[in-house]
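# Close look at the chain arrangement
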Amino acid sequence: MLRSSAAFAAPTPTAAVGYQQLRAMGYSRKTLKAAIDSGHLFHARRDVYLWRGATPRQRSAARIGGRVDCISRLAELGIFVLDETELHVQVAPNASRLRSSADRRTPLVRAPSTHRGRVHWRCTGAAPDDTVTPLVEALAQAFGCQGVRATIASIDSALHTGKVSERDLDLLFQLAPERYRVIRGLIDGRAESGPETYARLIAREFGLPIELQKRIDGVGRVDLVVDGWLVIECDSREFHSTWEAQQEDHRRDMALAARGYARIRVTAHQLFTEPHVLREAIRGLLATRPVA
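A short tour of the structure in this document, coming up.

### Let's talk about the pairing of strand E9 (residues 230-235)
Of all six residues in E9, six are buried, a share of seventy percent or more. Every second residue of E9 is oriented toward a common face, with Leu230, Ile232 and Cys234 on one face and Val231, Glu233 and Asp235 on the other, all of them buried. Sheet topology places strand E8 (residues 220-226) next to E9; three bridges connect them, and they run antiparallel. Bridge assignment links Val226 to a residue of E9, and that residue is Leu230. Counting the residues that bridge the hairpin from E8 to E9 gives three residues, and of these Asp227 lies at a positive phi of roughly 60°. For E9 and strand E10 (residues 262-267), the ladder comprises six bridges, and the chain directions are parallel.

Listed below in structure tokens is the structure:
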């Protein structure tokens, strides 16, 4: 007879459990099969079971033989990443018998590329039964997978959302490759989005003072102000696609002009794929600004 749903509850949704543990909890072969059939348990691979709360990424990583790591770990927490399409998995340096993320019977080396993920062979401070790596480790790993600018944006995002603290940065930059430690001074948790971080890093190249999230009377908050007069706003389809949103953008532009500000609007796509567009726009406006 199938147990009640409460009997299948897991104290830690991200923890995996083995067959002997389940038997010690009172599961028989019959009730274990019933739990799997009903979705209360997920059989990832031999002697590895996950509870119902496990995410699709955690299931796939466990099936491979590791933990959700790097960019995939950040994406699960709602932290900015540049591209989350590929599954990143941490496995122990001596791990063996890795499997396809889609089929526990298929060795990883024989799996199609879409089911292999990106495997990171390294040690971790995660608990042996955990299906995810610690966030600070994932952030440090991301430097090698999405580049410096994107990882700075990820760290900004983690700080802004309260997922990590300033104190956590000490450990993060100890774990990161030494060549990246010099960029700690570029981290700024005031950035409210990845594109804002990209815009700030580009504007910083000109050596001028930059204000973030500045409030201007009659306008509201703006993303960045460079040199006290040049406003940079980062647009995304999510917040600027409706006619009402576009009307508000125009109102803000007119209010900025009335107060002596120049304004550049740049899209997230341009920042990620054509950063030179913003760089050239800033350079052009700086060249026309009268010297005080």
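### Considerations on the sheet that holds strand E1 (residues 16-17)
Pairing is antiparallel across the open sheet formed by three strands, whose spatial order is E1-E3-E2. The outermost strands of the open sheet, each flanked by one partner alone, are E1 and strand E2 (41-45). Pairing between E2 and strand E3 (residues 48-51): four bridges, direction antiparallel. Across the sheet, the residue bridging to Phe42 is Leu50, located in E3. This element, helix H2 (residues 29-38), spans E2 and E3 of the sheet and lies at about 95° to E2. Along the sheet face, helix H3 (residues 56-64) touches E2 and E3 and points at about 35° away from the line of E2.

### Observations regarding the side chain of His88
Along the chain, His88 falls in strand E5 (residues 88-91). Among the polar contacts listed, one links the side chain of His88 to the side chain of His120, at a separation of 3.1 Å. When near neighbours in sequence (up to four residues on either side) are disregarded, His88 contacts Arg67, Val68, Asp69, Cys70, Ile71, Ser72, Arg118, His120 and Cys145.

### So, the sheet that holds strand E4 (residues 67-68)
Taken together, three strands build an open sheet; the order of strands is E4-E5-E6 and the sheet is mixed. With partners counted over all chains shown, the strands left at the sheet margins are E4 and strand E6 (118-121), one partner each. Relative to E6, E5 runs parallel, the two sharing four bridges. Bridged to Gln90 within E6 is His120.

### Some points on the pattern of salt bridges
Summed over all chains, the structure comprises 20 salt bridges. Close ionic contact of Lys33 with Asp37 constitutes a salt bridge, the shortest N to O distance being 2.8 Å. Taken together, the positions of Lys33 and Asp37, both in helix H2 and four residues apart, correspond to about one turn of that helix. With respect to class, Lys33 is no different from Asp37; both count as exposed. Taking the shortest distance from any N to any O, the salt bridge between Glu137 and Arg122 comes out at 3.0 Å. Highlighted residues: Glu137 in helix H5 (residues 135-146) and Arg122 in the loop between E6 and H5, separated in sequence by 15 residues. For Glu137, a relative accessible area of 14% corresponds to the buried category. In the salt-bridge network here, residues are joined through shared partners; they are Asp235, Asp249, Asp253, Arg263 and Arg265.

### Here we look at the packing of aromatic side chains
For any pair of aromatic rings, the description rests on two quantities: the centre-to-centre distance and the angle between the ring planes. The tally for this structure, following the rule as stated, stands at five aromatic pairs. Judged by centre distance (5.7 Å) and plane angle (40°), the rings of Phe80 and Phe272 are tilted. One end of the pair, Phe80, is in the loop between helix H4 (70-76) and E5; the other, Phe272, is in helix H11 (residues 268-273), and 192 residues separate them in sequence. By relative accessible area, which is 15% here, Phe80 ends up buried. Given the relative accessible area of 28%, Phe272 is considered partly exposed. Where Phe143 meets Phe173, the ring centres are 6.2 Å apart and the plane angle is 55°; that geometry is what we call tilted. Of this pair, Phe143 sits in helix H5 while Phe173 sits in helix H7 (residues 166-175), and the two are 30 residues apart along the sequence.

### Structural notes on H7
Of the positions making up H7, those classed as buried are Leu169, Leu172 and Phe173. Viewed end-on, H7 has its buried residues packed into an arc of 85°, placing them on one side of the element. Exposed side of H7, more than 90 degrees from the buried face: Arg167 and Gln174 are the residues found there. Tucked inside the fold, the buried residues of H7 contact H5 and helix H6 (148-160).

### Concerning the packing of helix H8 (residues 194-204) against helix H12 (residues 275-288)
Where H8 contacts H12, the two axes come as close as 10 Å, and the packing angle between them is 45°. What the angle tells us is that H8 and H12 run oblique. As H8 runs across H12, the sense of the crossing is right-handed. Contacts between H8 and H12 involve Ala199, Ile202 and Ala203 from the first element and Pro275, Leu278, Arg279 and Ile282 from the second. Partitioned by chemical class, the residues of the contact of H8 with H12 number six nonpolar, no polar and one charged.

Conventions adopted
Residues numbered from 1 in each chain as written. Predicted model: local features only at pLDDT ≥ 70, side-chain atom pairs only at ≥ 80, totals over all residues. Heavy atoms only, no water. Buried < 20%, exposed > 50% of the residue type's maximum accessible area, 1.4 Å probe, protein only. Helix = DSSP H or I, 4+ residues; strand = E, 2+ residues; numbered from the N terminus. Pairing = 2+ DSSP bridges. Contact = heavy atoms within 4.5 Å. Axes fitted to C-alpha atoms, helices over the stretch in contact; angles between N-to-C directions. Polar contact = N/O pair within 3.5 Å; in protein donor to acceptor, adjacent residues only side chain to side chain. Salt bridge = Lys/Arg side-chain N within 4 Å of Asp/Glu carboxyl O. Phe/Tyr/Trp six-rings, centres within 6.5 Å; stacked < 30°, edge-to-face > 60°. Arc of directions from axis to C-beta. Parallel < 35°, antiparallel > 145°, perpendicular 65-115°, else oblique. Left-handed = near helix turned anticlockwise from the far one by under 90°. Nonpolar A, V, L, I, M, F, W, Y, C, P; charged D, E, K, R; others polar.

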